[in-house]
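The primary structure of each chain is shown beneath.
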Amino acid sequence: MTKIVIDTLGADKGFEEIVKGAVDALSIKSDFQLILTGDGDAIKSELDKYGFDKSRIMVEDAKELVSNNESPTVAIRTKKNSSLVRALEITKSDPEAVGMISAGSTGAVLAGGIFKIGRIKGVLRPALCPLLPTMKGGKVCIIDCGANVDCRPEYLVQFALMGSSYMKACGVENPRVALVSVGVEDKKGNELTHEVFARLKQLPLNFVGNMEARDALSGEYDVLVCDGFVGNVLLKSIEGTASMVMKTMKKEVMSSFSAKIGALLMKKALGNLKTAMDYHAFGGAAFLGVEKILIKSHGSSNAKSVTACVKQVLDLNELKLVESIRSAVVPEGVGETVENGNGND
């Protein structure tokens with residue numbers, strides 16, 4: 001039976017929300033099991049609050065926490081009884097475990113994905129790839145958003161290939177791939193983007209050229225290719241702007257009686273806006289390029305987020321995401337362009 005492993009420790013809102021989300025996720029389908037790692041006694045006590053098929057959730061006792069303040073690589077290598085390390089080990093060793101979810105330390109999750117689960121042969125650098133809503137009602141992915149802050153051109157070439165495979169798995173037939181730059185003209189950018197631009201034009205991709213950050217959510221693109229430094233700044237700028245807009249709107253609505261009346265008349269529209277900007281409904285960021293589906297959920301994940309992440313893993317497994325990336329990452333005739341070797345250097 002298909003299994004999904006969930007690390008219950010490290011989330012800002014506590015393990016209780018993770019457990020609730022796991023229980024809620026059982027209603028998605030009937031043919032999978034969940035393995036929860038963390039404080040076994042606490043998890044079992046929390047599970048007792050809910051009614052569900054007990055055979056579908058297993059608990060693995062691993063009480064240690066990998067915190068955000070620790071060195072990710074040191075923690076992965078030394079904290080053998082941590083919930084994160086046990087989750088990674090189970091995901092790696094159990095052939096029925098198709099994927100894993102964690103809201104814990106981003107650095108540790110990514111390091112664990114590489115050192116414990118392992119890279120797909122041929123992948124030079126796995127990349128973190130979140131999905132964001134667009135103005136046209138679709139989704140766009142940013143690859144990379146922080147896993148690789150210093151990149152060589154061949155890394156970004158593979159990011160484009162992996163991102164395109166990801167969006168195809170998400171239902172986009174012919175993903176439009178754009179390179180994040182400081183202008184849409186072909187010659188805009190720095191040395192890195194100039195070289196990547198030339199290489200992407202030669203790939204079997206729907207490469208549509210450069211893209212400016214202001215158009216990230218326009219709906220005109222499906223995959224935004226950049227190094228992890230640029231991607232992280234882009235992602236957090238979008239998150240910060242969205243947060244400011246929502247808070248300012250709420251403040252202005254409460255500022256006067258007429259504003260409150262106006263908000264009441266626009267209740268449906270405002271509700272739709274809030275729903276569109278609710279990242280909890282989008283699942284987590286996929287760490288592309290490792291041998292199993294690995295989802296890094298938001299640190300402030302609630303039960304809704306966890307349920308969405310479980311559905312995300314199930315959908316991506318059904319659509320054979322890992323196999324698609326494996327076949328796309330070094331397609332025939334591109335291997336020499338990307339880099340010789342198997343990517344395990």
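Quantities reported herein were computed from a predicted structural model and do not represent experimental measurements. (Residues numbered from 1 in each chain as written. Predicted model: local features only at pLDDT ≥ 70, side-chain atom pairs only at ≥ 80, totals over all residues. Heavy atoms only, no water.)

Engineer: If you had to explain the nonpolar core to someone new, which residues and values would you point to?
Structural biologist: In this structure, I4, I6 and L34 are the most contacted members of the largest nonpolar core, which totals 63 residues. By residue number, the principal contributor to this core is helix α6 (residues 153–169), which donates 10 residues. Leave out the neighbours within four places in its chain, and I4 touches F32, Q33, L34, I35, V98, G99, I101, V310, V313 and L314. One finds V85, L128, A178 and A216 within the second-largest nonpolar core, a separate group that totals 36 residues. (Core = buried A, V, L, I, M, F, W, Y, C linked by side-chain atoms within 4.5 Å. Buried < 20%, exposed > 50% of the residue type's maximum accessible area, 1.4 Å probe, protein only. Helix = DSSP H or I, 4+ residues; strand = E, 2+ residues; numbered from the N terminus. Contact = heavy atoms within 4.5 Å.)

Engineer: Residue-level account of the pairing of strand β9 (residues 206–212), with values.
Structural biologist: Along any regular strand, the residues point their side chains to alternate faces of the sheet. Within β9, five of the seven residues are buried, which leaves the element mostly enclosed by the surrounding structure. Traced from strand β8 (residues 176–181) through helix α7 (residues 191–200) to β9, the parallel crossover comes out right-handed. (Right-handed = clockwise from strand over helix to strand, strands pointing away.)

Engineer: Would you mind going over empty space enclosed by the protein in detail, with residue names and values included?
Structural biologist: It is a probe the size of a water molecule, rolled over the atoms, that shows where empty space is left. Taken as a whole, this structure holds two cavities of 30 Å³ or more when the rule is applied. Lining the largest cavity we find F287, L288, G289, V290, K292, I293, L294, L321, V322 and I325. Among the elements of the structure, β11 (285–288), β12 (293–296) and α12 (321–328) are those that each provide at least two residues to the lining of the largest cavity. Considering each element in turn, the lining of the largest cavity owes the most residues, three residues, to α12. Of the residues contributing to the lining of the largest cavity, the split by class is eight nonpolar, one polar and one charged. In this structure, the second largest cavity spans a volume of roughly 40 Å³. Lining the second largest cavity are D7, L9, G10, L65, V66, S83, L84, G104 and S105. (1 Å grid on protein atoms, 1.4 Å probe; cavity = no way out; pocket = protein on both sides within 12 Å on 5 of 7 lines; lining within 4 Å. Points joined across faces, edges and corners; volume = space filled by probe spheres on them. Nonpolar A, V, L, I, M, F, W, Y, C, P; charged D, E, K, R; others polar.)

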